[in-house]
Amino acid sequence: MIDPQILRTDPDRLRESQRRRGESVELIDDLIASDVAKREAQTRFDELRNEQKLLGKQIGPLQGALKKADDDAAKAKAQAEVDDLMAQAQTLAEQVKAADAAATAAGETLDALWLQVSNLVNLESPVGGEEDFTVLEEIGTPRDFAAEGFEPRDHLEIGELLGAIDVERGAKVSGSRFFYLTGPGAMLEIALLNLAMQQATAHGLIPMITPTLVLPSAMEGTGFLGQAAENVYRIEQDDMYLVGTSEVPLAGYHADEIIDADQLPLRYAGWSSCFRREAGSYGKDTRGIIRVHQFDKVEMFVYCRPEDAEAEHARLVAWEKEFIDALEIPYRVIDVATGDLGSSAARKFDMEAWIPTQGTYREITSTSNTTEFQARRLKIRMRDENGTRPLATLNGTLCAMPRVIVALLENHQQADGSVVIPMALRPFLGGQEVFTPAS
RNA sequence: GGAGGCAUCGCCUAGUCCGGUCUAUGGCGCCGCACUGCUAAUGCGGUUUGGGUUUAUCGCCCAUCGAGGGUUCAAAUCCCUCUGCCUCCGCCA
């Protein structure tokens, strides 16, 4: 959610953001009307309620007097007064009830509209759709397999040669887009986890293992029940959701809390399985493990002062680069365009790894500055010398297992089907230097 | 899954039986001021959160006693439902 003050003082800022995202601009006018209506209804209720309370305060003492009255004349007089007040109070009570209902309804209408509004985009973000990103940096050089004299195999072929990936049995047991990591594949994931956590803790991030099943409030608060809802698994029987990223439980962790400013920034590295329905991606990336329904991921998550958010975002980018650098994978950094941002992101940078058999770069990490958007929805605030206000949250992938494995296998393969293990990973694989085909 | 207990404004706590004087008590912590060689102690004042009103300050109003309903002129207090935590029993990775 966005600061409602902006709606009243600078609605054009909201309109411009909506326009850049390619989302409804008219929504802002509905919002303004609804905001006015809500405040009017609320004010009416407040005033009636005040009247009611003032009236109610007279009744108590009066009834006390009525009980004490000795002579009949005084008693009758007191009784008449009480009856009169009660009659007034009863009418008022009905009005209060109606005003309360009206205010509540107006509030619900307003809230529902706010849920449709995505975060204000950062004006630096390139405007446009999925293809309109800006390339900020290209790091490393893709290998020239032609010069090396062999045709590169794709990750699935290598994975099968090594006995590391089994998608056939994944499909047998769970359906399409499920896979097993076997033998060296499983060991590789564990090594990657260790490398990622070692790096994260070296930078002071707090390691976390999070729930993967969450309540609707956590899912909605992080902004995944908007346009991304179709990609979320819902457990209907218990009204819970399987998370698509540990961003959700890491953001929900401090929901409804007020954090002392001197504790900030709070930085976490969460390890969890991630579940994605991949609705609307039929036919896309059907081969291998680039796009799957379930995978494991180490995700970084930061709570900080809003004024520090951009600097934190740069830090997350730097840490993501450090990790990919360690794996010796060629990649580029892109500034994602406004139309391709998630609803909660103001700005997003993706790292895309070079995939030799596709001759292109593919996303392996993504980091978003969600400014105060999630914090407002989840009621996470900070307290400093200026009082209490929402803080900023940011998230960034450190290591999404399948895609990193894809990039590793393809980029470090050799003519005989073996795969050289990058130096940084060897300590976590007992010093092993190369994966060799099973037989 | 069964039985019982508990939930109050940072922490602890009074209030709930018997509805109105609750504008929610007191302590701790914290902030400000005073006093004081310094510190400490002491005294005085302040200290939930959200919304509204106000150019702003001061102030005023509304909501908020785990959540949501209900009864009532009036609910922390009475009734119902739900959630969480604790204890015991059963089952179980």
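Everything below is about the structure shown above.
Residues numbered from 1 in each chain as written. Chains lettered and ligands numbered in written order. Predicted model: local features only at pLDDT ≥ 70, side-chain atom pairs only at ≥ 80, totals over all residues. Heavy atoms only, no water.

Q: What is the right way to look at the overall build of chain A in this model?
A: The number of helices and strands found in chain A is 13 helices and 18 strands. Scaling as 2.2 N^0.38, a compact globule of 439 residues should have a C-alpha radius of gyration of about 22 Å, whereas chain A reaches 29 Å, well beyond that. C-alpha atoms of chain A, sized along the principal axes, occupy 115 × 45 × 40 Å. Within the span of chain A, comprising 439 residues, buried residues form 49% of the whole. Counting contacts in chain A only where the partners sit at least 6 residues apart, residues at least 24 apart contribute 72% of the total. About 21,000 Å² of surface is accessible on chain A, with carbon and sulfur atoms providing 50% of the total. (Helix = DSSP H or I, 4+ residues; strand = E, 2+ residues; numbered from the N terminus. Rg over C-alpha atoms; globule rule 2.2 N^0.38 Å. Buried < 20%, exposed > 50% of the residue type's maximum accessible area, 1.4 Å probe, protein only. Contact = heavy atoms within 4.5 Å. Areas by Shrake-Rupley, 256 points an atom, 1.4 Å probe, with all protein chains shown as cover.)

Q: Sorry if this is basic, but what is going on with the sheet that holds strand 7 (residues 240–242) here?
A: Strands pair in a sheet through their backbones, by hydrogen bonds, and they do so in one of two ways: parallel or antiparallel. The strand order across the open sheet built from three strands is 5-7-6, with neighbouring strands paired in antiparallel fashion. In this open sheet, the two edge strands, each paired with only one partner strand, are strand 5 (213–214) and strand 6 (233–235). Where strand 6 meets strand 7, three bridges bridge the pair, whose relative direction is antiparallel. Looking at strand 7, one finds that Ile235 is bridged to Met240. (Pairing = 2+ DSSP bridges.)

Q: Quick question: what am I supposed to make of the sheet that holds strand 13 (residues 360–369) here?
A: Spatially, the eight strands line up as an open sheet ordered 1-11-12-13-16-10-9-4, and their pairing is mixed. Only two strands of the sheet have a single neighbouring strand rather than two, namely strand 1 (134–139) and strand 4 (206–209). Neighbouring strand axes in the sheet, compared pairwise and without regard to direction, differ in orientation by 25° on average. On top of the sheet, helix 13 (residues 401–411) reaches strand 9 (266–275), strand 10 (294–304), strand 12 (347–355), strand 13 and strand 16 (392–400); it is set at about 40° to strand 16, its chief contact. (Axes fitted to C-alpha atoms, helices over the stretch in contact; angles between N-to-C directions.)

Q: Explain the side chain of Asn119 here, please?
A: For Asn119, the position within the fold is in the loop between helix 4 (72–115) and strand 1. Of the polar contacts made by the side chain of Asn119, one reaches the backbone oxygen of Ser344; its length is 2.9 Å. Apart from residues no more than four positions distant in its own chain, Asn119 is found in contact with Ile2, Ser17, Arg21, Ser343, Ser344, Ala345, Ala346, Thr370, Thr371 and Phe373. (Polar contact = N/O pair within 3.5 Å; in protein donor to acceptor, adjacent residues only side chain to side chain.)

Q: I'm lost on the side chain of Thr397 in this one. Help?
A: Structurally, Thr397 can be placed in strand 16. Residue Thr397 is classed as buried on the basis of its relative accessible area of 7%.

Q: Help me understand the pattern of salt bridges, please; the structure alone is not making it clear to me.
A: Any two side chains of opposite charge can pair if their charged atoms end up close together. For the structure on display, the rule yields 26 salt bridges. The partner of Asp239 in a salt bridge is Arg234, and the shortest N-O contact between them spans 2.9 Å. Under the relative-accessibility criterion, Asp239 is labelled partly exposed at 34%. Taking relative accessible area as the criterion, Arg234 reaches 42% and is therefore assigned partly exposed. Among the salt bridges present, the one from Asp384 reaches Arg389, with a minimum N-O distance of 2.8 Å. Overall, Asp384 belongs to the buried group, its relative accessible area being 11%. Where salt bridges share partners, they join Glu278, Asp285, Arg291 and Arg362 into one cluster. (Salt bridge = Lys/Arg side-chain N within 4 Å of Asp/Glu carboxyl O.)

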